[in-house]
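Overview (structure and organization)
Take a look at the letters that make up each chain.
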Amino acid sequence: MRVTKAQAERNRAHIVATASRLFRERGYDGVGVAELMAAAGFTHGGFYKHFRSKAGLMAEASASGLSQTAARAEGVDPAEFVESYVSREHRDGRSDGCTIAALSGDAARQPVDIKTEFAAGIENLLTALQAPSETQGDADQRAARTMVIDMLAHSVGAIMLSRACPDGSPLADEILDVCRKEILASLAHSNSNSNSNSDRQAARSPEA
């Protein structure tokens, strides 16, 4: 039976979504095309009707997962993001979690196409986490971006280190607990300094 264009697009999207989950769970080299297609409910031969190569699917699946991560972070308070991100639930939920934490190590060894997708995805996540403000000057915006980069790097590192430990290891939880506490303390300190600077600027203002 002939597949309509709309159905073919839905099939392709389903394959990409399935690949995104499996790659996050097992890594790019941990799942082959035949197994991936079977998980999506299709035959191995149908793969090349949608993609030129596994590398092409890897890039598309990465972009999809990275986009989902940024969308979930949109409008979320940084402290709330850290509480959810640096958690045992996220650590254990690899297939449904952040693509950056799950695949950054793999992406570092991949061709430039995949690295480009990761760079774009990380940039989108930073933008989602940095609340826009029309009142911020250039210096304040740079400071806010620095804070978000620091927060994200520490959060991703905490998940990656914890996952490198056995699931039942006390160290796996200790890493999460210590990092979450320190990241939140750093955020609170940064916010306190930001508020103090705003108060001083207001005090110097002629209209104050």
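An account of the accompanying structure is given in this report. What you are looking at is a predicted structure, and each value in this text was computed from that prediction instead of being measured. (Residues numbered from 1 in each chain as written. Predicted model: local features only at pLDDT ≥ 70, side-chain atom pairs only at ≥ 80, totals over all residues. Heavy atoms only, no water.)

Turning our eyes to something else, we now look at the packing of helix α6 (residues 99-107) against helix α8 (residues 138-164). Between α6 and α8, the least distance of the axes is 9 Å, while the angle of their chain directions is 70°. What the angle tells us is that α6 and α8 run roughly perpendicular. Every pair of crossing elements has a handedness; the one defined by α6 and α8 is right-handed. Listed contacts from α8 to Ile100, Ala101, Ala102 and Gly105 of α6 are Val156, Ile159, Met160 and Arg163. (Axes fitted to C-alpha atoms, helices over the stretch in contact; angles between N-to-C directions. Helix = DSSP H or I, 4+ residues; strand = E, 2+ residues; numbered from the N terminus. Parallel < 35°, antiparallel > 145°, perpendicular 65-115°, else oblique. Left-handed = near helix turned anticlockwise from the far one by under 90°. Contact = heavy atoms within 4.5 Å.)

So, about helix α1 (residues 5-26). Between its first and last C-alpha atoms α1 spans 31 Å; for 22 residues at 1.5 Å apiece the expected length is 32 Å, and the two agree. What α1 keeps buried is the set Asn11, Ile15, Val16, Thr18, Ala19, Ser20, Leu22, Phe23 and Arg24. Check the buried side of α1 and you find it contacts α2 (33-40), α3 (54-73) and α6. Positive phi shows up at Gly27, right after α1, with a value of about 90°. (Expected span 1.5 Å × (residues − 1). Buried < 20%, exposed > 50% of the residue type's maximum accessible area, 1.4 Å probe, protein only.)

All right, on to the environment of Phe51 then. Mapping Phe51 onto the fold places it in the loop between α2 and α3. On a C-alpha basis, the gap between Phe51 and Arg12 in space is 8.7 Å, while along the polypeptide they are 39 residues apart. Leaving out residues up to four positions away in the same chain, Phe51 has contacts with Arg12, Ile15, Val16, Leu57 and Glu60.

Inspection of the entire model under this criterion finds eight salt bridges. Between Arg145 and Glu123 there is a salt bridge, and its shortest N-O distance comes to 2.8 Å. Residue Arg145 is found in helix α8, and its partner Glu123 is found in helix α7 (residues 112-129); the two are separated by 22 residues along the sequence. Note that Arg180 is salt-bridged to Asp177, the shortest N-O span being 2.7 Å. In this pair, Arg180 and Asp177 are both assigned in helix α9 (residues 170-204), three residues apart and thus about one turn of the helix distant. A relative accessible area of 41% places Asp177 in the partly exposed class. In this structure, a network of salt bridges that share partners links the residues Arg88, Arg91, Asp92, Asp167 and Asp173. (Salt bridge = Lys/Arg side-chain N within 4 Å of Asp/Glu carboxyl O.)

What follows concerns the environment of Val148. Structurally, the position occupied by Val148 is in helix α8. C-alpha of Val148 to C-alpha of Thr127: the two residues are 21 residues apart in sequence and 9.0 Å apart in space. Residues within four places of Val148 in sequence aside, it is in contact with Leu126, Leu129 and Gln130.

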